[in-house]
Amino acid sequence: MAPIVRPEDFPSPDSRLELTVSYGETDRMGYVYYGHYPHWFERGRGHFIRERGMSYGDVEARGVWLPVRDLAVRYLRPAHYDDVVTVRTAIAAWGRASVTFVYQVFGPPDASMLLAAGETLHACTTPEGRPMAVPGWLRELFAV
């Protein structure tokens with residue numbers, strides 16, 4: 001896994017979620033603790049799905065679960081308390097029974113500085129955890 005660090009290489013369609021860094025997300029050095037970035041990715045992924053007219057819960061109610069199989073993060077610059085950051089999310093690849101989401105986190109000034117990049121590989125499974133082919137309706141939903 002190699003996160004996309006060049007904004008011009010980021011796939012489309014994408015979505016953007018703006019967040020304000022809380023004091024509790026920072027460490028003693030005043031930087032956002034590294035473990036919060038995957039949580040921001042999750043929030044960005046949920047936002048990406050909601051922008052397309054569904055929620056994660058709706059997808060699961062239709063019998064499709066998307067557990068994370070792999071995660072990669074590349075940290076470039078720190079975010080700080082009270083920074084406004086933007087999480088950019090898109091889909092980079094489809095497998096027969098998987099989907100790869102990619103993320104970029106931008107910060108000040110004006111959400112123009114790339115702070116981190118990442119990706120998550122998700123298996124497509126039944127609620128019982130059995131692999132299943134990605135349904136056509138899901139591919140269509142995420143293509144918008």
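The structure we're discussing is the one just above.
Here is a short report on the structure shown in this document. (Residues numbered from 1 in each chain as written. Predicted model: local features only at pLDDT ≥ 70, side-chain atom pairs only at ≥ 80, totals over all residues. Heavy atoms only, no water.)

1. Examining the packing of aromatic side chains
Inference 1: Summed over all chains, the structure comprises ten aromatic pairs.
Inference 2: With a centroid separation of 6.1 Å and an interplanar angle of 25°, the aromatic rings of Trp94 and Phe142 are classed as stacked. A residue pair is termed long-range when its members are at least 10 positions apart, and Trp94 in strand β3 (residues 84-94) and Phe142 in helix α3 (residues 136-142) qualify at 48 residues.
Inference 3: Given a relative accessible area of 32%, Trp94 falls into the partly exposed group.
Inference 4: Residue class for Phe142 comes out buried when judged on its relative accessible area of 2%.
Inference 5: The ring of Phe48 has Arg52 lying over it, and the distance from NZ or CZ to the ring centre is 3.7 Å.
Inference 6: The cationic tip of Arg62 hangs over the ring face of Trp137; the distance from NZ or CZ to the ring centre is 3.9 Å. (Phe/Tyr/Trp six-rings, centres within 6.5 Å; stacked < 30°, edge-to-face > 60°. Helix = DSSP H or I, 4+ residues; strand = E, 2+ residues; numbered from the N terminus. Buried < 20%, exposed > 50% of the residue type's maximum accessible area, 1.4 Å probe, protein only. Lys NZ or Arg CZ within 6 Å of the ring centre and 35° of its normal.)

2. Brief notes about the nonpolar core
Inference 1: Ranked by internal contacts, the top residues of the largest apolar core, which has 28 residues, are Tyr37, Trp40, Val85, Val105, Leu138 and Phe142.
Inference 2: Counting only elements with at least two residues in this core, the list comes to β1 (14-20), α1 (36-51), β3, β4 (98-107), β5 (113-123) and α3.
Inference 3: With five residues, α1 is the single largest residue contributor to this core.
Inference 4: Not counting residues up to four positions away in its chain, the partners in contact with Val85 are Leu17, Glu18, Leu19, Val21, Trp40, Ala79, Val105, Phe106, Gly107 and Leu115. (Core = buried A, V, L, I, M, F, W, Y, C linked by side-chain atoms within 4.5 Å. Contact = heavy atoms within 4.5 Å.)

3. Description of a nonpolar patch on the surface
Inference 1: Taken together, Tyr33, Tyr34 and Tyr75 make up a surface patch of nonpolar side chains, about 340 Å² in accessible area.
Inference 2: Following the sequence through the fold, Tyr34 ends up in the loop between β1 and α1.
Inference 3: Assessed through its relative accessible area of 52%, Tyr34 is described here as exposed. (Patch = residues over 30% accessible without salt bridge, like charges linked within 9 Å, V, L, I, M, F, W, Y side chains within 5 Å. Areas by Shrake-Rupley, 256 points an atom, 1.4 Å probe, with all protein chains shown as cover. Salt bridge = Lys/Arg side-chain N within 4 Å of Asp/Glu carboxyl O.)

4. Here's the deal with the sheet that holds β4
Inference 1: As summarised here, the arrangement of the five strands in space is β1-β3-β4-β5-β2, forming an open sheet in which the pairing is antiparallel. Every interior strand has two partners, whereas the edge strands, β1 and β2 (68-75), have only one. Along the sheet, successive strands turn relative to each other by an average axial angle of 20°, direction set aside.
Inference 2: Pairing geometry for β3 and β4, over eight bridges, is antiparallel. Pairing of Ala90 across the sheet is with Val102, part of β4.
Inference 3: Running at roughly 130° to β1, α1 makes contact with β1, β2, β3, β4 and β5 of the sheet. (Pairing = 2+ DSSP bridges. Axes fitted to C-alpha atoms, helices over the stretch in contact; angles between N-to-C directions.)

5. Brief notes about the pattern of salt bridges
Inference 1: Enumeration according to the criterion identifies six salt bridges in this entry.
Inference 2: Of the charged contacts, one joins Asp9 and Arg6 as a salt bridge, the two residues approaching to 2.8 Å between their closest N and O atoms.
Inference 3: The partly exposed category is assigned to Arg6, whose relative accessible area is 45%.
Inference 4: In this structure, Arg16 and Asp14 form a salt bridge, with 3.7 Å as the shortest nitrogen-oxygen distance.
Inference 5: Among the charged side chains, a network of salt bridges with common partners joins Arg6, Glu8 and Asp9.

6. Regarding the environment of Gly107
Inference 1: In this structure, Gly107 sits in strand β4.
Inference 2: On the basis of relative accessibility, which here comes to 0%, the residue Gly107 falls in the buried class.
Inference 3: Residues Gly107 and Leu19, 88 residues apart in the sequence, show an inter-C-alpha distance of 9.8 Å.
Inference 4: The residues contacting Gly107, other than those within four sequence positions of it, are Val84, Val85, Ser112, Met113 and Leu115.

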